[in-house]
Amino acid sequence: MTEGQFFWAEKVAEELAAEKRKKYVCEGGWSPSGYFHIGNARPELFTPHAVFLKLREAGLKAKQILVVDDFDPIDKIPAGIPVPKEREKEFIGVPYVFAESPFKGHKTWADYFTSDVAEAVGEFGIDVKFVSAFESYKSGERDDLIKFSLDHSRQIVETWNSVAGADKPLGFLPIVIVCEQCKKTMFTEALSWGCKKVSYNCKECGYTGSVSPMGGNAKLHWRVHWVANWIVNNVAFESGGKDHFSKGGSVDVGRALMLGVFKKKPPYMIPTEFLQLKGAKMSGSKGNLFTLNDWLKVAPPELFRFLFFSYKPNTAINFSLSDNSFILLNERFERAERIYYGEEQAENEKVGAKIKEWYTISMVGGPPKSRPFRLPFSFACQLVQIMPPNERFAEIAALLKQTGHVSGSLSVSDKKSLQRQLLLADSWARVFAPPEMKISFLSALDESVKSKIMPEAKSAFRLIVAGLPKQSTLDGIQDLVFESAKQSHIPPVKLFQSLYLVLLGKESGPKVGNLILAFGKEKCSERIKEAAA
């Protein structure tokens, strides 16, 4: 085995193989407090997925699951969720699986937010089974673990305190009861365990009673609940955000409980660094997020996979869709594609092998035999702002032949791919493109623009207007501008700046030839003639 980008996942798979399990379960977990965002996706879906793929490559049976902790209570209403202020108290403390959906068409809070991610995840090539924590409790699957945890509560607390440096009282019961009166869990306190029932009180409604903790009437405290997940689901591998892996944190406590109390081997675990959006950690409850469905509106799933798989899990990713980092991500992916298909050489053989591996694992279903048609993203973004793709697709396809981006005829599948790429670029440009990437034909040639044009440029403008009718290609127009600059004794860069000013109102932009072909030679000639007057 050679050490490449995914050596870490291959090493995990190799070590797991020594356990000789019948099936290897790779688990992630998520509490549906709000939308499942791309920050959640990194530790809970993509790190386990890399291990899952390497296990499968090794010929081992493997399964990927995502435990939805829908039995957790709502502790705040996320920003942007339509719950009236006067009704917020009704929701706080109610488990997601019991709370009504904030949106029509779904029964519960958990149902709505889970369905949002379930609809999208398949597009990213991840075949993951969603596991409801509540259903696991309700079915009785965890009854034995509940009884065991209550019977051994003192040992659990002693281990917890020892590992975490906590001071939980020895009489603490690691169970959360659903109040029989108000149906909330966040405010109940378990008082005693009598072999069959737990007595409790509720600080929200004041109810006091006793109830069997089995069959969905109670949930284990989340630190013990996580251990129960590992046991019930027979988990071989799990990742998690790096905060869980701090010394004395939830991973350390969970491992100690598995070994010391439950007498079982904990799963193989590695931390995954955060994906930050504009320098901030994403949060479903705070509304600072970008979801999988949001991604599919502006970019293809293979680019998302490339974002994650071209970094190791222990590398932090600081990302933004509204600055140059998104453009650079596209350029890195496009280069990886060219290297994979032998159209470009990497710096050396080792780097090339790593880049090919990134590309291979990024493509949903694997890379096709021949290089797929792909328009450079930065050019597509310029193009769609000049020629709306829904209205002028045929013109765009013809223009791409003139610019050299297309040779010969486009197949039906290529046309479909091109249209998809243009629509995604259009969506991104409308919402996220920074000011320096915005392009539009200057509405009027006002004095502020005229004052910036060099006097020498006007003679060059006349030559361009005279020569444009004879030019029909990008290279022809570019050569015309260079020749006009030479004859007018003006530096070419200054002439290009002047042309950008009269066409766009700023001193830079895409190639002038592309602009003139896209805007139309007649329209541009009239503007340049006006500027030369």
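Reading the values: rules and limits
Residues numbered from 1 in each chain as written. Predicted model: local features only at pLDDT ≥ 70, side-chain atom pairs only at ≥ 80, totals over all residues. Heavy atoms only, no water. Helix = DSSP H or I, 4+ residues; strand = E, 2+ residues; numbered from the N terminus. Rg over C-alpha atoms; globule rule 2.2 N^0.38 Å. Buried < 20%, exposed > 50% of the residue type's maximum accessible area, 1.4 Å probe, protein only. Contact = heavy atoms within 4.5 Å. Areas by Shrake-Rupley, 256 points an atom, 1.4 Å probe, with all protein chains shown as cover. Lys, Arg positive; Asp, Glu negative; His and termini not counted. Charge placed at Lys NZ, Arg CZ, Asp CG, Glu CD. Pairing = 2+ DSSP bridges. Axes fitted to C-alpha atoms, helices over the stretch in contact; angles between N-to-C directions. Phe/Tyr/Trp six-rings, centres within 6.5 Å; stacked < 30°, edge-to-face > 60°. Lys NZ or Arg CZ within 6 Å of the ring centre and 35° of its normal. Bend = angle between axes of the 7 residues up to and from the residue. Salt bridge = Lys/Arg side-chain N within 4 Å of Asp/Glu carboxyl O. Arc of directions from axis to C-beta. Polar contact = N/O pair within 3.5 Å; in protein donor to acceptor, adjacent residues only side chain to side chain. Disulfide = S-S within 2.5 Å. Parallel < 35°, antiparallel > 145°, perpendicular 65-115°, else oblique. Nonpolar A, V, L, I, M, F, W, Y, C, P; charged D, E, K, R; others polar. Patch = residues over 30% accessible without salt bridge, like charges linked within 9 Å, V, L, I, M, F, W, Y side chains within 5 Å. Left-handed = near helix turned anticlockwise from the far one by under 90°.

A.B. asks: Kindly report on the overall build of the protein, identifying the contributing residues and their values.
C.D. replies: In terms of helices and strands, the protein carries 22 helices and 13 strands. What you see for the protein is a C-alpha radius of gyration of 30 Å, clearly larger than the 24 Å of a compact globule of 533 residues, by over 25%. Based on the C-alpha atoms only, the size of the protein along its principal axes is roughly 100 × 60 × 40 Å. Looking at the protein as a whole, 52% of its 533 residues qualify as buried. In the protein, 68% of the contacts between residues at least 6 apart in sequence involve partners at least 24 apart. Total accessible area on the protein is roughly 24600 Å²; 51% of this is exposed by carbon and sulfur atoms. Here the protein holds 70 positive side-chain charges and 61 negative ones, and the gap between their average locations is 1 Å.

A.B. asks: Report on the sheet that holds strand β2 (residues 62-68), specifying residues and quantitative values.
C.D. replies: In space, the five strands of this open sheet follow the order β3-β2-β1-β9-β10, with parallel pairing throughout. The sheet is open, and its two borders are formed by β3 (129-132) and β10 (268-269), each paired with just one other strand. Summarising the sheet, β2 and β3 pair through four bridges and their orientation is parallel. When the sheet's bridge partners are listed, V68 is paired in β3 with S132.

A.B. asks: Please set out the sheet that holds strand β7 (residues 208-211) residue by residue, giving values where relevant.
C.D. replies: The three strands are arranged β5-β6-β7 in an open sheet whose pairing can be described as antiparallel. Every other strand in the sheet has two partners, leaving β5 (188-193) and β7 as the edge strands with one partner each. Neighbour to neighbour, the strand axes of the sheet diverge by 30° on average, direction disregarded. Both strand β6 (residues 198-202) and β7 contribute to a ladder of four bridges, which runs antiparallel.

A.B. asks: Run through the pairing of β5, naming residues and quoting values.
C.D. replies: The side chains of a regular strand alternate between the sheet's two faces. Bridging between β5 and β6 involves five bridges; their strand directions are antiparallel. In the sheet register, T188 faces β6, and the bridge partner there is C202. Hairpin connection of β5 to β6: four residues between the antiparallel strands, including C195 at a positive phi of 75°.

A.B. asks: A description of the packing of aromatic side chains should follow, citing residues and the corresponding values.
C.D. replies: According to the stated counting rule, one finds 37 aromatic pairs in the structure shown. A centroid spacing of 5.3 Å and a plane angle of 80° characterise the contact between F98 and F134, whose relative ring orientation is edge-to-face. Taken together, the positions of F98 in the loop between α3 (88-91) and α4 (109-121) and F134 in helix α5 (residues 133-138) put the pair 36 residues apart, joining distant regions of the chain. Taking 5.4 Å as the distance between ring centres and 65° as the angle between the ring planes, the aromatic pair formed by F377 and W428 counts as edge-to-face. Pair noted here: F377 is in helix α14 (residues 377-386) and W428 is in helix α16 (residues 412-431), with a separation of 51 residues, a long-range link. As far as burial versus exposure is concerned, F377 and W428 are alike and both buried. Through a chain of ring-to-ring contacts, three or more aromatic side chains come together here, namely F46, F124, W295, F304, F308, F309, F319, F326, F377 and W428. In this structure, R142 packs its charged tip against the face of Y137, placed 4.9 Å from the ring centre.

A.B. asks: Just give me the short version of helix α2 (residues 38-57), but keep the residues and values in it.
C.D. replies: A maximum bend of about 30° is found in α2 at L45, where proline P48 lies one to four positions downstream. Following α2 by one or two positions, G59 adopts a phi angle in the positive range, close to 80°.

A.B. asks: A description of the side chain of D70 should follow, citing residues and the corresponding values.
C.D. replies: In this structure, D70 sits in the loop between β2 and α3. Summary of buried charges: D70 has no salt-bridge partner, and the nearest side chain of opposite charge, R142, is 8.5 Å away. Ignoring anything within four residues of it in the chain, the contact list for D70 reads P32, P95, Y96, V97, A110, S132, A133 and F134.

A.B. asks: Give a detailed account of helix α15 (residues 393-402), specifying residues and quantitative values.
C.D. replies: Each turn of an α-helix holds 3.6 residues, which means side chains three or four residues apart point in the same direction. Buried residues of α15: F393, I396, A397, L399 and L400, and no others. Down the axis of α15, the buried set is contained in an arc of 160°. They therefore lie on one face. Buried residues in α15 make contact with α14, α16 and α21 (512-519). Of the residues trailing α15, G404 is marked for its positive phi of about 85°.

A.B. asks: Go over the side chain of T108, please, and point to the residues and values.
C.D. replies: Structurally, T108 is set in the loop between α3 and α4. A polar contact of 3.0 Å, which involves the side chain of T108, links it to the backbone nitrogen of D111. Sequence-distant contacts of T108, that is, excluding residues within four places in its chain, are made with Y96, V97, A99, E100 and S101.

A.B. asks: Tell me about the pattern of salt bridges, and please be specific about residues and values.
C.D. replies: A side chain with one charge can pair with a side chain of the opposite charge if their charged atoms come near. Under the defined criterion, the tally for this structure stands at 26 salt bridges. Note that K54 is salt-bridged to E57, the shortest N-O span being 3.3 Å. Here the residue K54 and the residue E57 both occupy positions in helix α2, the gap between them amounting to three residues, near one helical turn. On the basis of relative accessibility, which here comes to 9%, the residue K54 falls in the buried class. Close ionic contact of K219 with D72 constitutes a salt bridge, the shortest N to O distance being 3.3 Å. In this pair, K219 is assigned in strand β8 (residues 218-220) and D72 in the loop between β2 and α3, connecting sequence segments 147 residues apart.

A.B. asks: Any details on the state of the cysteines? Residues and values, ideally.
C.D. replies: Taken as a whole and assessed by the stated rule, the structure comprises zero disulfides. Cysteine C202 is unpaired, with the sulfur of C182 as its nearest cysteine sulfur at 3.7 Å.

A.B. asks: Help me get a handle on the packing of α2 against helix α11 (residues 301-309), residues and values and all.
C.D. replies: The interhelical angle for the contact between α2 and α11, taken along N-to-C directions, is 80°, at an axis separation of 10 Å. In terms of orientation, α2 lies roughly perpendicular with respect to α11. Where α2 abuts α11, its residues I38, A41, R42, F46, H49, A50 and L53 lie against F304, R305, F308 and F309. Per-class residue counts for the contact of α2 with α11 are eight nonpolar, one polar and two charged.

A.B. asks: Describe a positive patch on the surface, listing the residues and the values that go with them.
C.D. replies: Judged by side-chain charge, K23, K61, K63 and K129 come together as a positively charged surface patch. Position of K61 among the secondary structure elements: in the loop between α2 and β2.

A.B. asks: Lay out the packing of helix α7 (residues 153-164) against helix α9 (residues 250-260) in plain terms, naming residues and giving numbers.
C.D. replies: Running from N to C, α7 and α9 cross one another at 140°; their axes reach a closest spacing of 9 Å. As the angle between them shows, α7 and α9 are arranged oblique. In the crossing of α7 with α9, the sense of the turn from one axis to the other is right-handed. Mapping the contact onto sequence places Q155, I156, T159, W160, V163 and A164 in α7 and D252, V253, A256, L257 and G260 in α9. Across the contact of α7 with α9, the residue classes tally to seven nonpolar, three polar and one charged.

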